[in-house]
Every structure is written in C-alpha cells, then in structure tokens.
Amino acid sequence: MRKAVTGILIGLGAGAAVLAADLLLIRAAGGIGSTPLQRAELITYDWRLAHTARPETARQDIALVEIDEYSLRNLQKFAGRWPWPRVVHSMLVDYLAAAHAKLVAYDIDFAEADTRKGFDFGDSTESGAESDDELVKSVKAAGNVMLLADATFEGTLLDNSVSAIPDAGYHLDRPGIVERRVVFPPFAALAAAGVGLGHNLFILDPDGPIRHTVPFVRSGGRVVPSLGLAAAMRVAGIPAGGVALDGDVLTIGDRIVPLERRRVKTAAGADSYLWALVDFRGPALLDDLKHRPYPSYSFYDLEYSEEQILAGVKPNVDPSVFRGKIVFVGATATGLSDVFETPFAGAKMPGIQVHAAVADDLLSNRFLRQAPGGVRVASVVAGAVAIGVVATLLPAWWASGITLAAFALFGWMATRLFAAGWWLNVSQPVLAGSFALFGGVAYQYFVEGREKRKMKKLFGQYVSKDVYAQLVDNPALARLGGQRREMTVLFSDIRGFTTVSESGQPEAIVQMLNEYFTRMVQVVFHYGGTVDKFVGDMVMALFSAPLDDLQHADHAVQAALDMIAELETLNQRWQAEGRPALDIGIGINTGPMIAGNIGSDQIMSYTVIGDAVNLGSRLESLNKQYGTRIIISDATRARLTGRFELKPLGDVVVKGKTQPVAIFEVVGRMKDEARA
C-alpha cells in the first residue's frame, strides 16, 4: 500500500511538472510561437494526419484547375510570360460556364486594372482595358465566379488608391478576427461582376507547415471570409447573416466550426486571433492522378479545349466533367510562390488545394477539433499516476515494458480519435509518463534498493534463500531498529577442537571446518533459521528472527538433531580418509530477546542480546559436564509442539544466574515423529 501511494505521488508530481513546464515556457515566450513540447506534439499531429487521411473520402464535386509549368510553357507563345492578359482567363471562365460548373473560385490576384496600351495576343493586338473588359463580361455572364481579395500585404500604403472592400453583410465585430491594414479587392468592374470575394491569408505555424485556416479577416470594418469558406457558403446557400461568432464558437448556418485562439507576432507587437484546423483529405498534388483527393486539370488543356469548341472540334477535355462541380482555379507552378508546406511530407501544397480542403470541411460538416483542456490534463495526470504506480511496484524491466505497451496503446487510441475528428495531445502524457517511469525506477533503486542492498549485506549469507527473498521484497519485516521478541537461540560448539587443531595440518583443519560449517548451515537454513555468527568453531543460530516463526522451538530442536546426524555422516567419511572424528555439544534456549542491527558506524550486524541468549550459551557448555550432546531449557521444552524423546537432567544454577533452571537432554524424535 505504501509503495502504491508513493507511485501515485510520483505520478502526480510528474504530471504537474510537465503541465507547469509547458505553461512556464508559453509565458516566457509571451504566448507567441510554440514551446518545445508543442513542437513535439505537432510532429505527432503531422504523423497522425498523414496516416489517417483518406483521399477517397474527399468530396467528388470539387475540382482543381492548375496554372502549372506545363500551362506557363505552352501559353507563353500566345499570351507571353506570366502574368497573362485577363482575356486568357476569360476563355477559361467561358469554358466552365458552358460546362455548367456550380461555382468557380478564382485564386488569382486581379487587384489592378491592366493599363497596357497594347500587347500581342495570338494573331491580334489588344489593349489592357479591352482584355480586362473581356474578363468582366465573362465573369458577369457566368454569374458564379468567386474572386480573390488579396489579404497578404504586410507593408504600408503610400496613398489611398486602394478600392474599398464591398460590405458583404457580415456582422462580426467581435475580437479574434484578424485585422489587416489593407485588403486588395479586384479592380472595381471585376469585383462588381463576381458573386463574392474570399481572402487568401494563410498564417503558417512557427515550424513552417500550414495546418489551419483563418476563417475571416477584417479591414476598415469590413469582413472578408477565406476563399474556401466563401465558396462553401455560396454553394450551401448560407448568407452572410447566417454567420455568428460567440466567444470561440463560430456558427455558419447549421454548422458549428470549432475554433481555437492563438497569438502571433504582428507589426504592432502581438495579436490574438481565432483559427480553425484544416482536415486535409490527402497530400499535395501527386503525379499519380488516381490518388489525388480532388480531380485536377491543367489550365492549358482546358484553354485549348475551349479553342477546340469555338472551332467546332471535339474538345480534348469534355466540359461535362465539370457539371455541378465547385472549381478552384489557381497557380501550382513552383515559381509563382503559391505553394505551402503541409503536415504531409514530400511535397508542398498549392493554395487552391488548401482552399478546396476548407470548402470540403464546411460542406461535409466535418471538422478537426482539439480535445478540451480538461481531457488533456486528465490524460496527463492519469497516465503518469498509472505508470508511477507500475514503476514502484514492479521491477524496472517489467515496468519499462508495460510503459512502452501503454504508450503504444495510447498512441493507437489517439490516432483513432484523430481519424474521428479529435486531436488529443500525445506528447504531454508520454513525457509525463516517462518522468513517472524514471521517478518510480529511481525510487526503487535509491530508496527501496538501498534497503534491499542493506538486507543483502546483513542477511545474504546468513539466512536461507526463501527467507532472504522475503526480506528483500519487504525489508520492513526485519525491523532492524531493534525489537524485543520471543525466539529460540541455538549454540553449537566442537568438543576438543583445540587438541585436533594442534595435531593436524592447518590446511586440513580449515578444510574440515569448512565442510562442517557448510553442512551445519544447510541444516539451519532448512528449518528457517538464521546463522548469527561463527566464533572459532562455534555456530550461533536464531529461530524466529528476523522473520516470525511460530514453531521456532520445534525447528531449533529438529535442527539440532539433524546437525548431530550430519556430523556422524561426515565423521564416517573423515575416518575412512584417515582424519580424526569430531563431536559437538548443542545448547538451546527460548525466551524474550532483543533483536536488531547492532554495531559501530563502520561495522554493524544483525544479532540478538539478552539473558535468554546468555543462558543458551551456558547450556551448550553443560554438555561436557553431563556427557550429553543436546541440552534444552524448560522454557524451550514448554514451547515444543512435536513429539521428542526428552530426558530430565534436573535443575542447575548456571553462571550469572541465582535461580535454578530445569534442563533436559534431547535424546531423539519419538518413533511416530517424522523427520522434517
């Protein structure tokens, strides 16, 4: 229980440390940019998006028209270098109008009128005004063209020549809308011909990719939606009056768009705005057309098909493929600087695909949203607490394996939630769990390990493996600080060993002693005893210390009988080898003793002290006087539960005592008492 509580405290500390560290880093940065933890989380975000995006789930009523390198190269001999005359775009608008496209969203900047006096276009010469007029006529005739309002300008205007943004009827005077000094609408005649405007402002994350959209920008009190959002609202029939912003909740018609607030650097210092995650259906435009989320066509191929239609020839691209489609037209050529890094590795994404993804999200009522802050905090704390408990209760390798498995399971769950539209923070719970694992393992090593190392030092060679294992698992059982307890002590001494040692070779004597002690220790361990010490040729053993043993008296007597039997076996071999035989005397006493870790600051050992201990030693020395091998006290006899053959030896007054003590010789086990 204590270890579990420790694990909980370690987990709580780890979770609090991670949450506090991220908060402090955010404050240190003034809330601008991203912290190391946030950058790590964005890496997991990108991985989850890339592995859960399904191009086949993208709306099939969205198509892209690319102004790519192929189009620039093939149209150069007719229309010159980019930017092309507006009459080129008018031909595409006419083609899509004849195809009965539902909506055409044009992601090309037409902010300024073409003031050229004349230019060559094919076999004819036109002025800039005539070219602009062709585009205005085509857009007006089509009646379904959404135009671009450029909101990317960061500089300072030198004059007031920019046309005002028309009031589209949005009533969003709440904070959180991105303020722009100026937004450039198309030149006046073209703006009047289109069905609406959409901005092209993308704010990249500090690490580079675009992961979200800016739903609205505001300039001069006028609000402009993003091009993708404006296109989707037009198709869904949602008027500007159907848009409401209440705090961080954006309502568009019957759809609720989840928003988050973030801070960015601006010319004025810092600003806070609302953004929405883009649930991309697939990666950037790929060479493999089958795996693109939206069907795409080259601008030149459609331009040439329009010329074929005008010439009465069957077009290469049948206009019917655009019937009922939402068509986004924009630059994809790398040199035109309208491509962005995205969470998908390998290629940059053109702006028209980002706009298309935004429109797809709104029309499909499918949005990515961050899990609530409470869920994030709960996952951090709960995960850290669980791992902290595991790390304090289990060995380090098991705890590490379980932690890795938990991380894998959590990652899988977070990925499944991501696929369902929920972004659950992964980096913070994993970091907190790692801290908890480290804390739990460190606790085991430095706190519990210290106690275990202490147990190993004290008892590693003096108790049986079973007893040692229990002490290591629970060092508190030893109660090293000292405790008075009822137990039994056994003293065994070799008789006449001085004479044997003087007559033999030192090496042989040491070998005999080692063999003798090895057998005696095995017997003591067999009955759960503890070898307290060796003093010369004497063995001192404890029963019911350091672990409790309710049958300590029986086990001590049984051990004494087996020690005699083992010695007889040894004597037979030694005599056969021409070595002398040995004999021993054993004294056993039971009573209250003080057990604990006793010694100096440099050297300590676990032992027992008290009158009962001294009496046991005195009883051992009486064997020579009585001609016996095993003498026990009356106190030991009274605690016996087994059947032993005992012979009363009368009462004696031992050295250091004034009261007589009844003593008994242990002759052996009763015939019906089986050897343990």
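Before reading further, recall that the structure is shown in the block above.
Summary of the structure given here.

Analysis parameters
Residues numbered from 1 in each chain as written. Predicted model: local features only at pLDDT ≥ 70, side-chain atom pairs only at ≥ 80, totals over all residues. Heavy atoms only, no water. Pairing = 2+ DSSP bridges. Helix = DSSP H or I, 4+ residues; strand = E, 2+ residues; numbered from the N terminus. Buried < 20%, exposed > 50% of the residue type's maximum accessible area, 1.4 Å probe, protein only. Contact = heavy atoms within 4.5 Å. Phe/Tyr/Trp six-rings, centres within 6.5 Å; stacked < 30°, edge-to-face > 60°. Lys NZ or Arg CZ within 6 Å of the ring centre and 35° of its normal. Axes fitted to C-alpha atoms, helices over the stretch in contact; angles between N-to-C directions. Parallel < 35°, antiparallel > 145°, perpendicular 65-115°, else oblique. Left-handed = near helix turned anticlockwise from the far one by under 90°. Nonpolar A, V, L, I, M, F, W, Y, C, P; charged D, E, K, R; others polar. Polar contact = N/O pair within 3.5 Å; in protein donor to acceptor, adjacent residues only side chain to side chain.

Considering the sheet that holds strand β9 (residues 216-219)
Read across the open sheet, the 3 strands follow the order β6-β9-β10; overall the sheet is mixed. Edge strands, defined here as strands with exactly one partner in the open sheet, are β6 (178-179) and β10 (222-225). Here β9 runs beside β10; their pairing, made up of 4 bridges, is antiparallel. When the sheet's bridge partners are listed, Ser-219 is paired in β10 with Arg-222.

A look at the environment of Phe-299
Note that Phe-299 resides in helix α8 (residues 299-310). Its relative accessible area of 0% is what places Phe-299 among the buried residues. Once residues lying within four places of it in the same chain are set aside, the contact partners of Phe-299 are Val-65, Glu-66, Ile-67, Ser-71, Leu-75, Trp-84, Val-88, His-89, Leu-92, Tyr-106 and Val-329.

Here we look at the packing of aromatic side chains
Within the structure shown, the criterion is met by 15 aromatic pairs. For the pair Trp-84 and Phe-299, a centre-to-centre distance of 5.0 Å together with 40 degrees between the ring planes defines the contact as tilted. Pair noted here: Trp-84 is in the loop between α3 (69-79) and α4 (86-98) and Phe-299 is in helix α8, with a separation of 215 residues, a long-range link. On the basis of relative accessibility, which here comes to 3%, the residue Trp-84 falls in the buried class. Following the ring pairs from residue to residue traces out a cluster consisting of Tyr-45, Phe-418 and Trp-423. The ring of Trp-422 has Arg-369 sitting right over it, with the charged end atom 5.5 Å from the ring centre.

Some points on the packing of helix α7 (residues 227-236) against helix α9 (residues 351-364)
One can describe the packing of α7 onto α9 by two numbers: an axis separation of 7 Å at closest approach and a directional angle of 40 degrees. One finds that α7 runs oblique with respect to α9. Two packed elements cross with a definite hand, and for α7 against α9 that hand is right-handed. Here Leu-227, Gly-228, Leu-229, Ala-232, Met-233, Val-235 and Ala-236 of α7 come into contact with α9, specifically with His-355, Val-358, Ala-359, Leu-362 and Leu-363. Among the residues making up the contact of α7 with α9, the classes are represented as 10 nonpolar, 2 polar and no charged.

Some remarks on the side chain of Ser-90
Looking at the element boundaries, Ser-90 is found in helix α4. Since its relative accessible area comes to 3%, Ser-90 is described here as buried. Among the polar contacts listed, one links the side chain of Ser-90 to the backbone oxygen of Val-87, at a separation of 2.5 Å. Excluding residues within four positions of it along the chain, Ser-90 makes contact with Glu-134, Leu-135 and Ser-138.

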